[in-house]
Amino acid sequence: MNVMPESAIKNELSLLAINLTRRCNLACDHCYLDAHTLKNGSPSELATDEVCRLLDDVVQCGEGPMVVLTGGEPLMRPDLEEIVTYGAGLNLAMVVGTNGIMLTDQRVRSLKLAGVLGLGISVDSLDPEHHDRFRGRTGAWAKTMTGIEACHRNDVSFQIHFSITESNAHELPAIIEFAQSCGARVLNIFFLVCTGRGESVTDLTPQRYEQILGEVIEAQEQCSDLIIRARCAPHFKRVAHQRKPDSDLNRISGQDGDGCIAGTHYCRITPEGGLTACPYIPDEIGNIRHDSFRTLWATSPVLQLLREPELRGTCGACEYRKLCGGCRARPLALGGNLMDPDPWCVYQPRGGSVIQPLSDEAHCDVHWSIEAEQRLDRVPGFLRKMVKKRAEAYVAELGHTHVTPEHLAELAAKRFGGSGPRGQVR
């Protein structure tokens, strides 16, 4: 029997992205894949049995991790449902990230029958012409809308992915309203990293980036029926803490989900089996065709560095370095070092003491009722630790000593939307 190192246990895998293919039916401006690759794919993509063996390994690296099957366009893989079924049979939370244009009623029902937990669908503008230009195909917007309607009709959970640039940032309030009205569980707002084709559209200034993060936080505070999250934006934790420094909820580390979890609780697999810390850190640290995923996850020096970073410059001197830590991909993309300061951060360290993240034992005097524990047990494994930490911080802020189902319902309405965290897409 293999015994996982203590460091691997501490850094349980909660999210794995598997790029099943490089083929795609679109040619998005922001994609990190080149046009030739998008059209022709790779001749050495992982076969079905290789993906299934990977999932056998993944299930031993965390408590019910979420697996996001993406691409390219994963719906172009004819074995997609077979892979979803296999992963769901291992009690993994299987999610598909798609541009949505192949989501017919029949395909949605097929994915639902296979056991998919939910779908992430990209919508980059409510202006069809703008979306189509951004996605590189006329008529893409209309097909994506049809796909969203198919999910809604067939009762399949979905979230909206919005890649924000200067050209569509003004649409943020409308996109939030759209995500609410169409029945999405989550709105993920992606801040692009300047790699590959995305170099031409990463046009937000650091100051605008900071402003939008504030708008996202304000929107979430006013919206109780939709989760609104910034992605590839670890500064979110610093901005939230600056707004409400007395809130324990804002001291939960960004590595727990509201910031960058690359290498700590997340990594990705390329179509050819390479493992990278995230899609924007391109250097492979191994290949699952040569070494087991468990071994790579537990022992990779690059992942260890991301787990115990030795940050340089302003990031290394910043009092928020444990809550935020900056994006590691951005300095690398600009020709720097993985540990260099994040060039998109405008914050200047003020020389104060390091703000310590909320520890797992921070509220050891808060206890759980039997009914609340039973409800927590129904939360998917990849979410359970964060929900537990948030619930205990919330109850402590109220001055209470026991977590009850009522507290969980209140927190769900405030943070996870009215339908709660159960079954939501992370």
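Details of the structure are given in the entry above.
Chains are numbered independently. Their residues run from 1 in the order of the written sequence. A pLDDT threshold of at least 70 governs which residues receive local features in this predicted model, and a stricter bar of 80 or more applies before side-chain atom pairs are shown or counted, although totals over entire chains, interfaces and linings include all residues. Only hydrogens and water are set aside when side-chain values are computed; all heavy atoms of the structure are taken into account.

Attention shifts here to unusual backbone geometry. Glycine aside, negative phi is the norm for most residues, and most peptide bonds take the trans geometry. Residue Gly72 is reached from Gly71 by a cis peptide bond, and omega for that bond is 15°. Residue placement: Gly72 occurs in the loop between β2 (66-70) and α4 (80-89). Phi angles above zero are rare outside glycine, and Asp155 is one such case at about 55°. Put simply, DSSP marks the helices as runs of H or I at least four residues long and the strands as runs of E at least two long, and each gets a number from the N terminus on. Mapped onto the elements of the fold, Asp155 is located in the loop between α7 (140-153) and β5 (158-164).

Attention now moves to the environment of Ser224. Mapping Ser224 onto the fold places it in the loop between α9 (206-222) and β7 (227-231). Classification of Ser224 by relative accessible area gives partly exposed; the value is 44%. Along the chain, Ser224 and Ala412 lie 188 residues apart, while their C-alpha atoms are 8.4 Å from each other. Think of it in three bands: with a 1.4 Å probe and only protein chains considered, a residue is buried below 20% of the maximum accessible area for its type, exposed above 50%, and partly exposed in between.

The subject of this paragraph is helix α3 (residues 48-58). Within α3, eight of the eleven residues are buried, which leaves the element mostly enclosed by the surrounding structure. Of all the positions in α3, only Thr48, Glu50, Val51, Cys52, Leu54, Leu55, Asp57 and Val58 are classed as buried.

Attention now goes to the state of the cysteines. Simply put, the disulfide is a covalent bond whose two ends are the sulfur atoms of two cysteines. Note on disulfides: each one is a pair of cysteine sulfur atoms within 2.5 Å. For the coordinates displayed, the defined rule picks out zero disulfides. Unpaired in terms of disulfides, Cys61 finds its nearest cysteine sulfur in Cys267, a separation of 8.5 Å. Unpaired in terms of disulfides, Cys278 finds its nearest cysteine sulfur in Cys260, a separation of 6.4 Å.

This next bit is on the nonpolar core. Within the largest apolar cluster, 107 residues are counted, with the highest numbers of intra-cluster contacts made by Ile18, Leu69, Leu119, Ile160, Leu187, Phe191 and Phe293. What makes a nonpolar core is a set of buried Ala, Val, Leu, Ile, Met, Phe, Trp, Tyr and Cys residues whose side-chain atoms join them at distances within 4.5 Å. Membership of the second largest hydrophobic core comes to six residues, among which are Cys318, Leu323, Cys324 and Ile355.

With mixed pairing, the nine strands of this open sheet are ordered in space as β7-β6-β5-β4-β3-β2-β1-β8-β9. At either margin of the open sheet sits one strand with a lone partner, and together these are β7 and β9 (275-276). Across four bridges, the pairing between strand β3 (residues 93-98) and strand β4 (residues 118-122) is parallel. From the neighbouring strand, Gly97 faces β4, where its bridge partner is Gly120. Only strands that DSSP links by at least two bridges are regarded as paired with each other.

To continue, consider the packing of α3 against α4. Each pair of packed helices gets described by two things: the angle between the helix axes and the distance between those axes. Where helices are involved, their axes are fitted lines through C-alpha atoms of the stretch in contact, as for all axes, and angles between N-to-C directions lie from 0 to 180°. Where α3 contacts α4, the two axes come as close as 10 Å, and the packing angle between them is 20°. In terms of their interaxial angle, α3 and α4 are classed as roughly parallel. As α3 runs across α4, the sense of the crossing is right-handed. Taking contact as the criterion, the partners of Thr48, Val51, Cys52, Leu55 and Asp56 in α3 are, on α4, Glu82, Ile83, Tyr86 and Gly87. Side-chain classes follow a simple rule in which Ala, Val, Leu, Ile, Met, Phe, Trp, Tyr, Cys and Pro form the nonpolar group, Asp, Glu, Lys and Arg form the charged group, and the remainder, Gly included, forms the polar group. Tallied by class, the residues present in the contact of α3 with α4 amount to five nonpolar, two polar and two charged. Under this scheme an angle from 65 to 115 degrees is roughly perpendicular, one under 35 degrees roughly parallel, and one over 145 degrees roughly antiparallel; angles in between are oblique. Each helix crossing is assigned a hand: it is left-handed if the near helix lies turned anticlockwise from the far helix by less than a right angle, otherwise right-handed if that turn is clockwise. Residue contacts follow a heavy-atom distance rule, with two residues in contact if any of their heavy atoms lie within 4.5 Å.

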